[in-house]
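# Working through the structure, step by step
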Amino acid sequence: MSMLEIDDLHVVVDGKEILKGITLSIPAGEVHAVMGPNGSGKATLSYTLAGRAGYEVTRGRILYRGEDLTALKPEERAAKGMFLALQYPVEIPGVVTLNFLKTALNAQRRARGEPEVDALRTLKLVREKATALKIGEDMLKRPLNAGFSGGEKKRLEILQMALFEPKLAILDETDSGLDIDALKLVADGVNMLRAPDRAMLVITHYQRLLSHIVPDRVHVLAKGRIVKSGGADLALELEQRGYEQVAAA
Amino acid sequence: MVAVKETTERVADIAGEKYKYGFVTDIEMERAPKGLSEDTVRYISAKKNEPEWMLEWRLEAFRRWQQMTEPKWARVHYPPIDYQNAYYYAAPKSNAERPKSLDEIDPKILETYKKLGIPLSEQMLLAGVAVDAVFDSVSVATTFKAKLTEVGVIFCPISEAIRDYPDLVKKYLGTVVPVTDNFFATLNSAVFSDGTFVYVPKGVRCPMELSTYFRINASETGQFERTLIIADEGSFVSYLEGCTAPKRDENQLHAAVVELVTLEKAEIKYSTVQNWYPGDENGLGGIFNFVTKRGDCRGRGSKISWTQVETGSAITWKYPSCILRGDDTVGEFYSIAITNNYQQADTGTKMIHLGKNTRSRIVSKGISAGRAQNTYRGLVSVHPRADNARNHTQCDSLLIGSHCGAHTVPYIESRNPSAKLEHEATTSKISDDQLFYCLARGIPQEEAVALIVNGFCRDVLQQLPMEFAVEAQKLVGISLEGSVG
Amino acid sequence: MTALALKLNPSADLFQEDFAANSGDLPGAGLAWLDERREKAMDAYVMTGVPNRRVEAWKFTDLASELEDRLESTAAGSAPYIDEKVFGVAEGARVVLVNGILWDVTQAEGLEIVDLGKIDAKTPDWVCANLGLLASGPDQPMGAASLALMRSGVAVRVKASGVLNLDFVNPPLARDAVSHTRILIVVEQGASLKLLQSHSGAGTHQSFANIGIEFVLKAGAQLEHVVLQAEAATAIHVASIGAVVARDAQYRALYAATGARLSRLDVNIHLDGPGAHASINNVAVPGYGIADTTTVMDHAKPHTTSRQLFKSVVGGRGRSVSQGRVLVREGAVKSDSHQLFKALLMSPRAEADAKPELEIFADDVVCGHGTAIGALDEDALFYLRARGIPEAEARGLLVRAFLEDAISGIAGEAVHDALWRKLDVALAAFDGAET
């Protein structure tokens, strides 16, 4: 079954068409990468999939596990098992990370009609996942993302992915701002979460993340359209020959 | 936007039950005749079996009050208050003979407090919290008195203190907030009917939280309570007050006076969760809350800390202040003021540095939503003798929606070159990025707003006693329901 | 006005009386539009009279108690003066006012200068269209009085670009006296003006300079405004400034105050179109008197920005007052405003008062303010002394550094140096003052 099915998607932001007809299908169990230069519409694609206000779908549709998402609010999409790891995770002063995780986890469970988990159980769950990502207790006690380093923020995003166990994860420029050690740590975290009933969409500018998270398919995004698709080696080709040449070919 | 419409509808659905303290207890009341005159003052004094000196004190206040005019400088607008069209004393008839024990209290009153989440039976109470319950004009119950008496702490209705501890009352009453301090304090001095008296003797650390729960029940009635807390040398007490009132179309006046005195090395921590009925979403009804609260750090090295969570009332006019008289004294003010719909709050503090090495800290978080107006007004004043005085003030405002206002009016005066005063203020809105981040993690909009606002208030919430911090956090969320569209 | 109010406020009737007795003889009397504006201004003034501490905006500065009961009007050419080009800037036009009365005008290309003391039916339309509309309402009562009682002044129109030296010279008077002077400056669309304004004086009698200044900045106009107030120690100086800043126009000001027993700058800026910007740097070094700068920054339209930086160094028995009200009106989204007030107290009798106020009626804004009052940083002082710099010199260095960041970056080197010459004199006098 296809986890995500994007069909002729057109998106307008501030009166300007950014995505101009994207068609894409990701089956369960696969990892797809969307690569593109600055201004190609990568961020617009991830925000649109997550349902951010201001990203207006003017044509086409997004099917998630067969269901049309277009009218759903961001929190409804999250509760249905979609997860977006942001390029720039947001700082929320005063909101303790652990409390945030518990609030989000329970909001999703509540929306799905599942029983909520208490603070103690949340802590236990979080601890299990956190160790692998080298996230310490102190980090969980600090306000969300406030004063976190780039690597800490990204690891926390992956921790959330592990905690929420989404069916579809969208990783938006997860490699940006990471040194090689941090990148490996994050990639390992992602790879651990690869599963037959889970799909992932990795959105990135550079190839380097894809040597750690090897995708099943690579799509090249340029000026709001997918101009080329291929296997994992397409990423390498892009790195060597540049976007312009590959897109023109 | 679809989301907006749904949120609005959902809010409309729950608006009816939003203020869950809005019920009325049907109970037979005894009232003073309507209106305000010397006779009213005499009536109240007689009801309380007060000594002659107390009556004279009240009458003097009343005479002075008649010469005074209502202050107009605050940023609050309200129709003129008709002081003759209200009752100044209302007490449950069943309370005529004050019950000796909890078993004798009118079950209707017990039921009321139970509904408010304040069960008065000691077994059911939060362990470690003693409660004085004030119902309209009278105290109806005080718990854990015996346990407190063991360590010498006096915790009783002030009407009782006037009879039983006249020397203490005479020595301190009106010494922090003078009878003629301001229009509302003077009115209170004339007609105050009950309130709480606390005396913590030398060197005693009060073994439990003390708290007073104020309930306005009767219609067309003002509540004028008076609280006096004295912490003798080296003692410590933590005190908390909570307030609720029924939903009514009329505006009811609440004009309280609170006086705190700390002697050498004593500390008082005073917390308030004010949730008087705020009026409906069109601004109809609600409590007019004009309150004078002041602490006097009289003894060297003493400390007074005010924490307030102000979510209720149609009008809030309130400036809990510290007079840092003794050397090495410390004053603190931590405040959250939330206004929604048509609420107006003008609140803040005064830190008066008189002694050497005095320190004060102010953290104010104002949140304004709907069509509300929220003002922080504060004074930090350093007198010439206050060598090495220090103040730090952080004053942040959050606006939710484009029809509300948030205002900051700080007065900063330094007359000592060794003093150091710092003040910072910001005004902003909840950022779209923060909101989206929460939504994308599956947290619904209203919950996300509550979460972000609670984070914004964290520095203040942390100051509350643990038992009440959780309640206060919930209150923050409830107060803002319907504010985001 | 009731008898009681008059008694509390004796100076109020001084100006009312002047108006009642002399309004028929004031410049331009009989011009219907001007008579009407003067009368309206008088009504506005009467609402407070000469402000005392009960007027909230004057809470820290009791003008009423400082003013002498009897003040005569200064007369034209009443005294000789020493011509000093305070800023040492030779270029551009020059206007000299002696004791508040226009004395001399040096014209320059691109500027049109009109003598308001000779205003009549032939006065150009742009003067009638603008004069007296700003700095004349009840929120600026002394500005209102300056219009109602205007005896002299100039109106200036800038069509392209130019420099104007505006020197107020106050030689010693024979008795206590007051002058009411108005300045109107219209900077046309896209035009720019550098305005260098100075106040200097001497004498032992009280001279009260009451000045109303109006700036009309049309779309894209630029005004750079430097004020150096170095009046005599007996002087009372009140300048009420009203400015309208249209779309994409900029007002950039540096106010410096070193003199006067009491000085008050009463500034009201109206940011009236998207892209409008105002920045105000204020430097005050009172060593004996009160130096008060009070601003109202009115963000009336979306996408307007303002920056304010106030630095005071207070010595002797001096007092600095810094008040700033930032108003963001409903709908003025994307307004961006910041103000920072800092004061150093250099003596046990010195005082600093600050009231930075925010009044915000729009949610999508970035507004903030900061205030810091204290002494010189002892750590920095120690550091400098440990490097061999004597204490007095080290203090001087730190004070200069403290002030410099509010002074640099405006109006060029000559003006910068001229300001420092006056500031250094004032700061040096701290040491002799009572400590």
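Because the structure is a prediction, the values reported are computed rather than measured.

## Details of the overall build of chain A
Regarding its fold elements, chain A presents eight helices and 10 strands. In terms of overall size, chain A behaves like a compact globule, its C-alpha atoms giving a radius of gyration of 18 Å where 249 residues would be expected to give roughly 18 Å. Dimensions of chain A, computed from C-alpha atoms along their principal axes, come out at roughly 55 × 40 × 35 Å. Expressed as a percentage of the 249 residues in chain A, the buried residues total 54%. Carbon and sulfur atoms form 50% of the exposed surface of chain A, whose accessible area is close to 10,600 Å².

## Let's talk about the pairing of strand 20 (residues 373-382) of chain B
Residue and element names in this part refer to chain B. Burial of strand 20 is extensive: 10 of the 10 residues sit out of reach of the surface. Here strand 20 shows a buried face lined by Gln 373, Thr 375, Arg 377, Leu 379 and Ser 381 and a second buried face lined by Asn 374, Tyr 376, Gly 378, Val 380 and Val 382. Across 10 bridges, the pairing between strand 18 (residues 344-353) and strand 20 is parallel. Paired with Ile 352 across the bridge in strand 20 is Ser 381. Sheet topology note: the strand 20/strand 22 (residues 405-414) ladder contains 10 bridges and is parallel. Bridged to Ser 381 within strand 22 is Glu 413.

## Section: the nonpolar core
With 109 residues, the main nonpolar core has A:Ile6, A:Leu49, A:Phe100, A:Leu159, B:Ile367 and B:Val453 as its most contacted residues. Beyond its immediate chain neighbours, meaning those up to four positions away, B:Val453 contacts B:Ile367, B:Leu398, B:Ile400, B:Ile430, B:Val476 and B:Leu480. One finds B:Cys206, C:Val154, C:Ile213 and C:Leu345 within the second-largest nonpolar core, a separate group that totals 100 residues.

## Regarding helix 6 (residues 141-148) of chain C
Burial analysis of helix 6 of chain C places eight of its eight residues in the buried class, which makes it a mostly covered element. Residues of helix 6 of chain C that are buried include every one of C:Pro141, C:Met142, C:Gly143, C:Ala144, C:Ala145, C:Ser146, C:Leu147 and C:Ala148, and no others.

## Let's talk about the interface of chain C and chain B
Counting residues at the interface gives 33 residues for chain C, matched by 31 residues for chain B. Each partner contributes to the roughly 2,500 Å² buried at the junction of chain C and chain B, and carbon and sulfur atoms together form 51% of this total. Connecting chain C to chain B are two salt bridges. Between C:Glu351 and B:Arg415 there is a salt bridge, with its nearest N and O atoms 4.0 Å apart. At the surface where chain C touches chain B, the tally comes to 16 residue pairs in polar contact (both at pLDDT 80 or more).

## Quick word on the pattern of salt bridges
Per the counting criterion, the structure on display carries 68 salt bridges over all chains. B:Arg300 is the salt-bridge partner of B:Asp328, the closest N and O atoms lying 3.0 Å from each other. Taken together, the residues span a long stretch of sequence, with B:Asp328 in the loop between strand 16 (321-324) and strand 17 (330-339) and B:Arg300 in the loop between strand 13 (286-297) and strand 14 (303-310) at a distance of 28 residues. One connected set of salt bridges, linked through shared partners, spans C:Glu112, C:Arg157, C:Lys159, C:Glu188 and C:Lys218.

## Quick word on the sheet that holds strand 3 (residues 31-35) of chain A
All names here are of chain A. Spatial ordering of the open sheet is given by 6-7-8-3-9-10, a layout of six strands whose pairing is mixed. In the strand order of this sheet, the two ends are held by strand 6 (82-85) and strand 10 (225-230), each with one partner. Averaged over neighbouring strand pairs, the angle between their axes works out to 20 degrees when direction is ignored. Most of the contacts of helix 1 (residues 42-50) go to strand 8 (residues 199-204), to which it runs at about 145 degrees, and overall it touches strand 3, strand 6, strand 7 (168-172), strand 8 and strand 9 (217-222).

## Things to note about the interface of chain A and chain B
The figure often quoted for interface size is the accessible area lost as the parts come together. Taken together, the contact between chain A and chain B spans 34 residues of the former and 22 residues of the latter. Of the roughly 2,200 Å² buried between chain A and chain B on both sides combined, carbon and sulfur atoms contribute 65%. On the chain A side of the contact with chain B, A:Arg52, A:Glu75 and A:Val90 bury the most area, a combined 24% of that side's loss. Seen at the junction of chain A and chain B, the total is three salt bridges. In this structure, the salt-bridge partner of B:Asp433 is A:Arg52, at a minimum N-O distance of 2.7 Å. For the interface between chain A and chain B, the tally reads 10 residue pairs in polar contact (both at pLDDT 80 or more). Within the residue set of the side of chain A that touches chain B, elements represented by two or more residues are helix 1, helix 2 (74-79), strand 6, helix 3 (97-111) and helix 6 (150-164) of chain A. Ranked by residue count, the leading element in the side of chain A that touches chain B is helix 3 of chain A, at seven residues. The residue makeup of the side of chain A that touches chain B, split by class, is 21 nonpolar, seven polar and six charged.

## What to know about helix 3 (residues 32-46) of chain C
Because an α-helix completes one turn every 3.6 residues, residues spaced three or four positions apart along the sequence face the same direction. All names here are of chain C. Here helix 3 spans 21 Å end to end across 15 residues, near enough to the 21 Å set by a 1.5 Å rise per residue. Within helix 3, burial applies to Leu 34, Arg 38, Ala 41, Met 42, Ala 44 and Tyr 45. What you see down the axis of helix 3 is that its buried residues fit within an arc of 160 degrees, all on one side. For helix 3, exposure combined with an orientation more than 90 degrees from the buried face picks out Ala 32, Glu 36, Lys 40 and Asp 43.

## Details of the packing of aromatic side chains
Residue and element names in this part refer to chain B. All chains considered together, the criterion is met by 28 aromatic pairs over all chains. Both rings, one in Phe 184 and one in Trp 317, keep their centres 5.3 Å apart while their planes meet at 65 degrees; by these two values the pair is edge-to-face. With Phe 184 in helix 8 (residues 183-191) and Trp 317 in strand 15 (residues 315-318), this residue pair connects regions lying 133 residues apart in the sequence. Trp 317 matches Phe 184 in its accessibility class, with the two residues each being buried. Feature note: the residues Phe 62, Trp 65, Trp 73, Tyr 78, Tyr 83, Phe 183, Phe 184, Phe 288, Phe 290, Trp 317 and Tyr 319 constitute an aromatic cluster, connected by ring pairs.

## Considerations on unusual backbone geometry
At A:Glu173, a position not held by glycine, the phi torsion is positive, near 50 degrees. With respect to the helices and strands, A:Glu173 occurs in the loop between strand 7 and helix 7 (180-192). In the Ramachandran plot, C:Asp248 falls in the positive-phi region, its phi being about 60 degrees despite a non-glycine side chain. The residue C:Asp248 is located in the loop between strand 11 (236-245) and strand 12 (250-257) in this model. Owing to a relative accessible area of 46%, C:Asp248 belongs among the partly exposed residues under this scheme.

## Points about the confidence of the model for chain B
Low pLDDT means the predicted coordinates in that region are not meant to be read closely. Residues and elements named next belong to chain B. Residues with a pLDDT of 70 or more make up 92% of chain B, whose mean pLDDT is 87. Helix 1 (residues 2-18) is the least confidently modelled element of chain B, averaging 37 in pLDDT, while strand 16 averages 98, the highest of any element. Across the assembled chains, the prediction reports ipTM 0.89 with pTM 0.88.

## Focus on the environment of B:Val382
Residue and element names in this part refer to chain B. Relative to the elements of secondary structure, Val 382 occurs in strand 20. For the pair Val 382 and Gln 274, spaced 108 residues apart in sequence, the C-alpha separation works out to 30 Å. In this structure Val 382 touches His 353, Ala 389, Glu 413, Ser 414, Arg 415, Asn 416, Ala 419 and Leu 421, once residues within four positions along its chain are discounted.

## Quick notes on the arrangement of the chains
In this assembly, two pairs of chains are in contact, and the pair with the greatest number of contacts comprises chains B and C. The two partners chain A and chain C share no contact, and the minimum distance between any of their C-alpha atoms is 16 Å.

## Comments concerning the packing of helix 3 of chain C against helix 6 of chain C
Residue and element names in this part refer to chain C. Running from amino to carboxyl end, helix 3 crosses helix 6 at an angle of 150 degrees, the nearest separation of the two axes being 8 Å. Classified by chirality, the crossing of helix 6 by helix 3 is left-handed. Residues Arg 37, Arg 38, Ala 41, Met 42, Ala 44 and Tyr 45 of helix 3 lie in contact with helix 6, whose contacting residues are Pro 141, Met 142, Ala 144, Ala 145, Leu 147 and Ala 148.

## Observations regarding the pairing of strand 12 (residues 267-274) of chain B
All names here are of chain B. Counting buried residues in strand 12 gives seven out of eight residues, a clear majority hidden from the surface. Here strand 12 pairs with strand 14 via eight bridges, running parallel. Paired with Thr 272 across the strands is Gln 308, a residue of strand 14.

Conventions adopted
Residues numbered from 1 in each chain as written. Chains lettered and ligands numbered in written order. Predicted model: local features only at pLDDT ≥ 70, side-chain atom pairs only at ≥ 80, totals over all residues. Heavy atoms only, no water. Helix = DSSP H or I, 4+ residues; strand = E, 2+ residues; numbered from the N terminus. Rg over C-alpha atoms; globule rule 2.2 N^0.38 Å. Buried < 20%, exposed > 50% of the residue type's maximum accessible area, 1.4 Å probe, protein only. Areas by Shrake-Rupley, 256 points an atom, 1.4 Å probe, with all protein chains shown as cover. Pairing = 2+ DSSP bridges. Core = buried A, V, L, I, M, F, W, Y, C linked by side-chain atoms within 4.5 Å. Contact = heavy atoms within 4.5 Å. Buried area = accessible area lost by both parts, 1.4 Å probe. Salt bridge = Lys/Arg side-chain N within 4 Å of Asp/Glu carboxyl O. Polar contact = N/O pair within 3.5 Å; in protein donor to acceptor, adjacent residues only side chain to side chain. Axes fitted to C-alpha atoms, helices over the stretch in contact; angles between N-to-C directions. Nonpolar A, V, L, I, M, F, W, Y, C, P; charged D, E, K, R; others polar. Expected span 1.5 Å × (residues − 1). Arc of directions from axis to C-beta. Phe/Tyr/Trp six-rings, centres within 6.5 Å; stacked < 30°, edge-to-face > 60°. pLDDT = per-residue confidence, 0-100. Left-handed = near helix turned anticlockwise from the far one by under 90°.

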